[in-house]
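Tertiary structure, described
One-letter residues, chain by chain:
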Amino acid sequence: MSNEINLKGLFKGLQSQMVAQMKTNRESIKHASSKGDSFEDIWIVWLRKYLPSRYCVDKAIVIDSNGQTSDQIDLVIYDQTYTPFVFNQNGIIYIPAEGVYAVFEVKPELSKKYILYAGDKVESVRKLFRTTSSIIDRGQVRPARSLTKILGGILSLESKIADNTIEKHVKSLKGLKSIEIGCATNFKSFYVDFIKDDSILSRRVGSNEEHNKLLLEFYENREFDSIEFSYKYNSLVTFFLQLSRYLQQSIGTVAAIDLGAYAEAINFDIDEEI
């Protein structure tokens, strides 16, 4: 008796289930806002189920220590280990910018309008001010690490446009608006390669202002190289594998939040010598 499993068939089954659920919601829910919420909920539930438990997934607004906020983001992947406070006020979740790994816009299909709109949403998060702080790891003080990239993308069911048109619109997104990944479950997934030098992000600097300046410089200077599309039959699993690779190998763990910066916002001094 064989102990082998058909991975291709397993992943195809997951994709078929998700496509069927999205199509059912699209056809049965008539109110546009409710339909949009249902698409977001499907993606949130799916990513919560399959991403490692260290990652939280929610619809949220992102905030910073200066009191600035992002637009409302359809799907945020974030950390709660090094960013210990996440607010939930009347069903609206507020997440410190330091905890954000990735942000996605969720739409029914890929189109020029929605791709450009996703770029605006991603920019509203990336332009927020982030802090970084030293931590104690296994009894040793570790210096404040560099700020990490925030992944930006778009999620949908179908596509109204062809591969070369998707590429044109994604390529037009510059700087903080640029997106790295997308998936239309019943079409294809894609990821973007950039001509970039990630070493800039590990440059040793001192203040939070210097860390943010380096990050802005990184996004403003990187250039589009190419875009890679999946096949239709494996769009969901290729998206998930690429997302996991970004999270684990390109971003790693977010920098620890400087709680003192948030304390200053409420005129309170944290004891730094505990």
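Preceding this section is the structure that the text describes.
Summary of the structure given here. No experiment lies behind these values; they were computed from the predicted model shown.

A short note on the packing of aromatic side chains
Two aromatic rings are characterised by how far apart their centres lie and by the angle between their planes. The tally for this structure, following the rule as stated, stands at eight aromatic pairs. Where Tyr55 meets Tyr101, the ring centres are 5.1 Å apart and the plane angle is 80°; that geometry is what we call edge-to-face. On the criterion of sequence distance, the pair formed by Tyr55 in the loop between α2 (32-50) and β1 (56-63) and Tyr101 in strand β5 (residues 100-106) is long-range, its members being 46 residues apart. The same class applies to Tyr55 and to Tyr101, which are both buried. With a centroid separation of 5.9 Å and 80° between ring planes, the pair formed by Phe104 and Phe239 is classed as edge-to-face.

Some remarks on helix α6 (residues 235-251)
In a regular helix each residue adds 1.5 Å, so 17 residues correspond to 24 Å; α6 covers 22 Å between its end C-alpha atoms and thus fits that length. If you check which residues of α6 are buried, you get Ser235, Leu236, Val237, Phe239, Phe240, Gln242, Leu243, Ser244, Tyr246, Leu247 and Ile251. Gly252, located one to two residues past α6, shows a positive phi value of around 80°.

As for the environment of Trp46
Following the sequence through the fold, Trp46 ends up in helix α2. Residue classification places Trp46 among the buried residues on the basis of a relative accessible area of 12%. Along the chain, Trp46 and Lys177 lie 131 residues apart, while their C-alpha atoms are 26 Å from each other.

Here's the deal with the pairing of strand β4 (residues 92-96)
Note that β1 and β4 share three bridges and pair parallel. Pairing of Ile63 across the sheet is with Pro96, part of β4. Pairing between strand β3 (residues 87-89) and β4: three bridges, direction antiparallel. Along β4, the bridge assignment pairs Asn88 with Ile93.

Thoughts on the environment of Gly252
Residue position: Gly252 is located in the loop between α6 and α7 (259-265). A residue is classified by how much of its surface remains accessible, and Gly252, at 17% relative accessible area, is buried.

Basis of the calculations
Residues numbered from 1 in each chain as written. Predicted model: local features only at pLDDT ≥ 70, side-chain atom pairs only at ≥ 80, totals over all residues. Heavy atoms only, no water. Phe/Tyr/Trp six-rings, centres within 6.5 Å; stacked < 30°, edge-to-face > 60°. Helix = DSSP H or I, 4+ residues; strand = E, 2+ residues; numbered from the N terminus. Buried < 20%, exposed > 50% of the residue type's maximum accessible area, 1.4 Å probe, protein only. Expected span 1.5 Å × (residues − 1). Pairing = 2+ DSSP bridges.

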